[in-house]
Amino acid sequence: MWTMPEPKEIIRRSTLEVEKMNLVAGDCAPKSIGDAKDVPGEVPRTQDVIQTLDKTISNLEMELASAKATQESMLSVAPTPGSTGKRKYFMVVGINTAFSSRKRRDSLRATWMPQGEKRRKMEKEKGIIIRFVIGHSATSGGILDRAIDAEDRKHGDFMRLDHVEGYLELAAKTKAYFVAAVSMWDAEYYIKVDDDVHVNIATLGNTLARHRSKPRVYVGCMKSGPVLAQKGVRYHEPEYWKFGEWGNKYFRHATGQLYAISKDLASYIALNQHVLHKYANEDVSLGAWFIGLDVEHVDDRRLCCGTHPDCEWKAQAGNVCVASFDWSCSGICKSADRIKEVHQRCGENENAIWNAKF
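Here is what the cut-offs are and how they apply
Residues numbered from 1 in each chain as written. Predicted model: local features only at pLDDT ≥ 70, side-chain atom pairs only at ≥ 80, totals over all residues. Heavy atoms only, no water. Helix = DSSP H or I, 4+ residues; strand = E, 2+ residues; numbered from the N terminus. Buried < 20%, exposed > 50% of the residue type's maximum accessible area, 1.4 Å probe, protein only. Contact = heavy atoms within 4.5 Å. Areas by Shrake-Rupley, 256 points an atom, 1.4 Å probe, with all protein chains shown as cover. Core = buried A, V, L, I, M, F, W, Y, C linked by side-chain atoms within 4.5 Å. Pairing = 2+ DSSP bridges. Axes fitted to C-alpha atoms, helices over the stretch in contact; angles between N-to-C directions. Disulfide = S-S within 2.5 Å. pLDDT = per-residue confidence, 0-100. Salt bridge = Lys/Arg side-chain N within 4 Å of Asp/Glu carboxyl O. 1 Å grid on protein atoms, 1.4 Å probe; cavity = no way out; pocket = protein on both sides within 12 Å on 5 of 7 lines; lining within 4 Å. Points joined across faces, edges and corners; volume = space filled by probe spheres on them. Nonpolar A, V, L, I, M, F, W, Y, C, P; charged D, E, K, R; others polar.

Novice: Whenever I open this one, the overall build of the chain confuses me. Can you help?
Specialist: For the chain, the count of helices and strands is twelve helices and nine strands. Looking at the chain residue by residue over its 358 residues, the buried ones come to 41%. Put simply, 75% of the contacts in the chain that link residues at least 6 apart link residues at least 24 apart. Surface summary for the chain: the accessible area is close to 20900 Å², and the carbon and sulfur share equals 55%.

Next up, the structure:
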């Protein structure tokens, strides 16, 4: 037969536990009819105990919330060796890429994306982080993932996400990118750009620096295209009915080739990631997350210049473009082959990034 073991130590109970036990014990104790006259006197004391419990629980909840916030703040960015606080960066540029885009990535490395020691110098001196952003394949650890691992060992310029790659999952990937970027780097701005777009980094930095006084800013080429309800067409929106009558247009949002958001907005996405709805189109999803917030939309057409001769004419006129691509291809057509020419004709001076002051 199993018997109750002898207590080996005195159990210390908190004041709160003692009050709970006394309250329960008082309710369970038999009462005689003669004790009924004491009931009115017990009611105020019971109410006092309940109020004390409520106050204690409320205080514990506040302390828990405070401790959780402190922990998240401490874990969000690991301090560099020998430092006493977080490293502050100016901007994080995430280049959205896919497993099949090796040639595109190499074309960017050969043009506007600094490599090796230059990239590390840019991070240290200018506070600019640039990474290719990619998740993993449906068969994690397969040949596609191993190829990216080998490429990353060679260049060290990838940001890996806990996300399954797929064209229909671009909105989820964008969300995952901002969540991861905020946790890894404390920056003023977070930028998303496609891997078939030409970017002038110094010009992008100078453009964003003008909006530092705005805490919640959303910069891009704003558009408001039609909501496509017809199945089978490109950019079809299955939830078209949420946007009103048939034939309506979307609310204003930045085109997906390149856009930038301030730290507060990126943090908002990170904190509310589980309740932010994803629509079929990534750029629409991002715009939807901000539509009910106090956000300043900045429509800057230099973020969506055409390729030459458009960007070339503007550069000659002293109005260097931030980003250039072909609207007909939603990026530079045959970018792996053509981006070098675009860079030669429309790129900023190679010393522009080192002379820039953000």
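Novice: What is the right way to look at the nonpolar core in this model?
Specialist: Generally speaking, soluble globular proteins have nonpolar side chains that are buried together. Counting residues in each nonpolar core, the largest one holds 44 residues, and the members touching the most others are Met91, Ile95, Trp112, Ile191, Ile201 and Leu208. Of all the secondary-structure elements, those providing two or more residues to this core are strand E1 (88-96), strand E2 (128-136), strand E4 (186-194), helix H7 (201-209), strand E6 (217-223), strand E7 (253-262) and helix H11 (335-346). Excluding anything up to four places from it in sequence, Leu208 contacts Phe90, Met91, Tyr189, Ile191, Val219 and Ala260. Within the second largest apolar cluster, 29 residues are counted, among which are Val182, Ala187, Tyr190 and Ala270.

Novice: Just to check I follow, could you spell out the sheet that holds strand E8 (residues 296-299) for this structure?
Specialist: Each strand in a sheet pairs with its neighbour through backbone hydrogen bonds, running either in the same direction (parallel) or in the opposite one (antiparallel). Pairing is mixed across the open sheet formed by seven strands, whose spatial order is E3-E2-E1-E4-E7-E6-E8. Only two strands of the sheet have a single partner each, and these edge strands are strand E3 (158-164) and E8. Strand-to-strand twist in this sheet, taken as the mean axis angle between neighbours without regard to direction, amounts to 25°. Pairing of E6 with E8 involves four bridges; the strand directions are parallel. Residue Val217 lies in a different strand from E8, and its bridge partner there is Glu296. Set on the sheet, helix H3 (residues 102-109) makes contact with E1, E2 and E3; between it and E2 the angle comes to about 175°. Helix H6 (residues 170-184) rests against E1, E2, E3, E4 and E7 of the sheet, and its axis sits at about 130° to E3.

Novice: Before we go on, may I ask you to explain the state of the cysteines in this structure?
Specialist: A covalent bond bridging the sulfur atoms of two cysteines is what the word disulfide describes. In the structure shown here, the tally under the stated rule is four disulfides. Covalently, Cys329 is tied to Cys333 through a disulfide, its sulfur atoms 1.8 Å apart. Note on the Cys329 and Cys333 pair: the S-S dihedral is about 95°, so by sign convention the disulfide is right-handed. We classify Cys329 as partly exposed; its relative accessible area is 34%. If you count the bonded cysteines of the chain from the N-terminus, they pair up as 1-2, 3-5, 4-8, 6-7.

Novice: Help me understand the environment of Tyr89 in this model?
Specialist: Along the chain, the position of Tyr89 falls in strand E1. For the pair formed by Tyr89 and Lys126, sequence separation is 37 residues and the distance between their alpha carbons is 7.8 Å. With residues up to four places along the chain from it excluded, the contact list for Tyr89 reads Glu123, Gly127, Ile129, Trp185, Asp186, Ala187 and Glu188.

Novice: Would you mind showing me how to read the confidence of the model for the chain here?
Specialist: Caution applies to low-pLDDT regions: their predicted coordinates should not be interpreted in detail. Taken over all residues, the pLDDT of the chain has a mean of 85, while the share at 70 or more is 79%. Note that pLDDT drops below 50 for residues 7-13; the model gives that stretch two contacts with residues more than four away or on any other chain. Predicted confidence is poor over residues 73-84, with pLDDT under 50, and the contacts of this stretch with residues over four places away or in other chains come to 13 contacts.

Novice: Got a minute to help me understand the pattern of salt bridges in this structure?
Specialist: Close approach of charged atoms allows side chains of opposite charge to pair. The full count for this structure, using the stated rule, is 29 salt bridges. In this structure, Asp157 engages Arg109 in a salt bridge whose closest nitrogen and oxygen atoms are separated by 2.8 Å. Of this pair, Asp157 sits in the loop between helix H5 (143-155) and E3 while Arg109 is found in helix H3, placing the two residues 48 residues apart along the sequence. Of the two residues examined, Asp157 and Arg109, each falls in the buried class. Linking Glu341 and Arg345 is a salt bridge whose minimum nitrogen-to-oxygen distance equals 3.4 Å. Residue Glu341 and its partner Arg345 are located together in helix H11, separated by four residues, close to a single helical turn. Salt bridges sharing common partners tie together Arg102, Arg105, Asp106, Arg109, Glu151 and Asp157.

Novice: Explain the environment of Gln230 here, please?
Specialist: Secondary-structure assignment places Gln230 in the loop between E6 and E7. Residue Gln230 is classed as exposed on the basis of its relative accessible area, which comes to 54%. Once the C-alpha coordinates of Gln230 and Tyr240 are considered, the two residues, ten residues apart in sequence, prove to be 9.2 Å apart.

Novice: Could you clarify how one ought to interpret the layout of surface pockets in this entry?
Specialist: To locate leftover empty space, one rolls a probe as large as a water molecule over the atoms. Computed from the structure, the largest pocket encloses a volume of approximately 1100 Å³. For the largest pocket, the lining is made up of 41 residues, of which Tyr167, Leu170, Arg234, Tyr235 and Ser330 are closest to its centre. Elements supplying a minimum of two residues to the lining of the largest pocket: H6, E4, E7 and helix H9 (282-290). Per-class residue counts for the lining of the largest pocket are 15 nonpolar, 14 polar and twelve charged.

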